[in-house]
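# Chains, contacts and geometry: an overview
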Amino acid sequence: MKLTERFDWQGRQIAWGRAGSGPDVVFCHGTPFSSRVWRPFAEALSRDFTVHLWDMPGYGRSSKQAGHAVDFGVQAEAFAALLGHWGLDRPHVIAHDFGGAVSLRAHLHGGVPYSSLMLVDVVAIPPSGSPFFTYVGEHPDLLGRLPAYIHEAILRAYIQGASHRGLRDADLDELVQPWTGDDGQPAFYRQIAGYDERFLEENERELGRIGIPVRILWGAQDTWLSSDIGHRLQALIPGADLALIDGAGHLMQYDAPVPLMDQIRTWLPSGA
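The structure contained in this document is the topic of the report that follows. (Residues numbered from 1 in each chain as written. Predicted model: local features only at pLDDT ≥ 70, side-chain atom pairs only at ≥ 80, totals over all residues. Heavy atoms only, no water.)

Helix and strand counts for the chain stand at twelve helices and eight strands. In terms of overall size, the chain behaves like a compact globule, its C-alpha atoms giving a radius of gyration of 17 Å where 272 residues would be expected to give roughly 19 Å. Projected onto the principal axes, the alpha-carbon positions of the chain cover approximately 50 × 40 × 35 Å. The buried share of the chain, reckoned over its 272 residues, is 57%. (Helix = DSSP H or I, 4+ residues; strand = E, 2+ residues; numbered from the N terminus. Rg over C-alpha atoms; globule rule 2.2 N^0.38 Å. Buried < 20%, exposed > 50% of the residue type's maximum accessible area, 1.4 Å probe, protein only.)

Quick look at the structure:
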């Protein structure tokens, strides 16, 4: 499933793709990833659902212009606008990492209705961010000027660390590629510099208002975001349930694809 379509929004180009028929399911990726992490799941579900993939502005195949903000607030506004462009009414939303904060903000502060929400190892409530993430946030301009080969080595080690089992070379190459080159390298550091925990604090205060079904999945071996955060998030969202997936780190899509797909299949409506 390829992102062959483009949506122009506030000077940005958002890459997206759609396939299948049936109830609408929208996938949201996190950072420093792209819709690539959800592609096999979307392709499998397209037999029974209309699936939608998109790259957030500043990520993947979407535009990466230096003057464009890429914080949680902007991404939530972009998501709401894109859902409007698609003409969707109450889709099922499945979000990973940063996509959790984006989808929650669009719902809680933008008033965007969903049928259900699945949150997979999400950035959603404070605190979040690894020591590397914090360091980059303090020195984005300096690191953006690193020699390309040093940047790529750092990037590969960083993304590899999101997996408990270890990524195959081909998968790692595909996740690294959007962040290389004259556009990709500075964009990688800009998206970290744009991180603002204020948006997470605002989300946290509103989680008790959620009235849709929510399922939280967490990799039991996630070293980027502890499963303790998943338990805290469950306690804050009325009626939410939580499942820990053994053998999975932060990139559950690669560490435990079969258990993850089983969870998605049992979560989405049957008989679609």
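With that settled, consider the nonpolar core. With 96 residues, the main nonpolar core has Phe27, Trp38, Trp54, Phe79, Leu119 and Leu233 as its most contacted residues. Element by element, the count of residues in this core is highest for helix H2 (residues 72-86), at eight residues. Residues in contact with phenylalanine 27, not counting those within four places in the same chain, are Trp38, Phe41, Ala42, Leu45, Val51, His52, Leu53, Trp54 and Ile94. (Core = buried A, V, L, I, M, F, W, Y, C linked by side-chain atoms within 4.5 Å. Contact = heavy atoms within 4.5 Å.)

To continue, consider the packing of aromatic side chains. Applying the stated rule across the entire model yields 15 aromatic pairs. Centroid distance phenylalanine 79 to tyrosine 114: 6.4 Å. Interplanar angle 50°. Geometry classified as tilted. Here tyrosine 114 lies in the loop between helix H3 (98-108) and strand S6 (116-122) and phenylalanine 79 lies in helix H2, a separation of 35 residues in the sequence. These aromatic residues form a ring-pair network of at least three members: Phe33, Tyr59, Phe72, Phe98, Tyr158, Trp179, Phe188, Tyr189, Tyr195, Phe199 and Trp224. Over the face of the ring belonging to phenylalanine 199 we find arginine 198, whose NZ or CZ atom lies 4.2 Å from the ring centre. (Phe/Tyr/Trp six-rings, centres within 6.5 Å; stacked < 30°, edge-to-face > 60°. Lys NZ or Arg CZ within 6 Å of the ring centre and 35° of its normal.)

Another aspect to go through is helix H12 (residues 257-267). Given 3.6 residues per turn, any residue in an α-helix points the same way as the ones three and four places further on. Buried within H12 are the following residues: Leu260, Met261, Gln263, Ile264 and Trp267. Considered in projection along H12, the buried side chains sweep an arc of 155° and stay on one side of the axis. Seen from the open side of H12, the exposed residues pointing more than 90 degrees away from its buried face are Val258 and Thr266. Considering only its buried residues, H12 is in contact with helix H1 (39-45), strand S5 (92-97), S6, strand S7 (214-219), strand S8 (241-245) and helix H11 (252-255). (Arc of directions from axis to C-beta.)

All right, on to the pattern of salt bridges then. If the charged atoms of two oppositely charged side chains come close together, the side chains can form a pair. Applying the stated criterion to the full structure yields 13 salt bridges. Across the pair arginine 39 and glutamate 174 runs a salt bridge whose closest N-O atoms are separated by 3.3 Å. Here the residue arginine 39 occupies a position in helix H1, and glutamate 174 occupies one in helix H7 (residues 169-176), the gap between them amounting to 135 residues. Residue classification places arginine 39 among the partly exposed residues on the basis of a relative accessible area of 27%. Salt-bridge contacts for arginine 105 lead to glutamate 202; the nearest nitrogen and oxygen are separated by 2.8 Å. Of this pair, arginine 105 sits in helix H3 while glutamate 202 is found in helix H9 (residues 198-206), placing the two residues 97 residues apart along the sequence. In this pair, the class of arginine 105 matches that of glutamate 202, namely buried. (Salt bridge = Lys/Arg side-chain N within 4 Å of Asp/Glu carboxyl O.)

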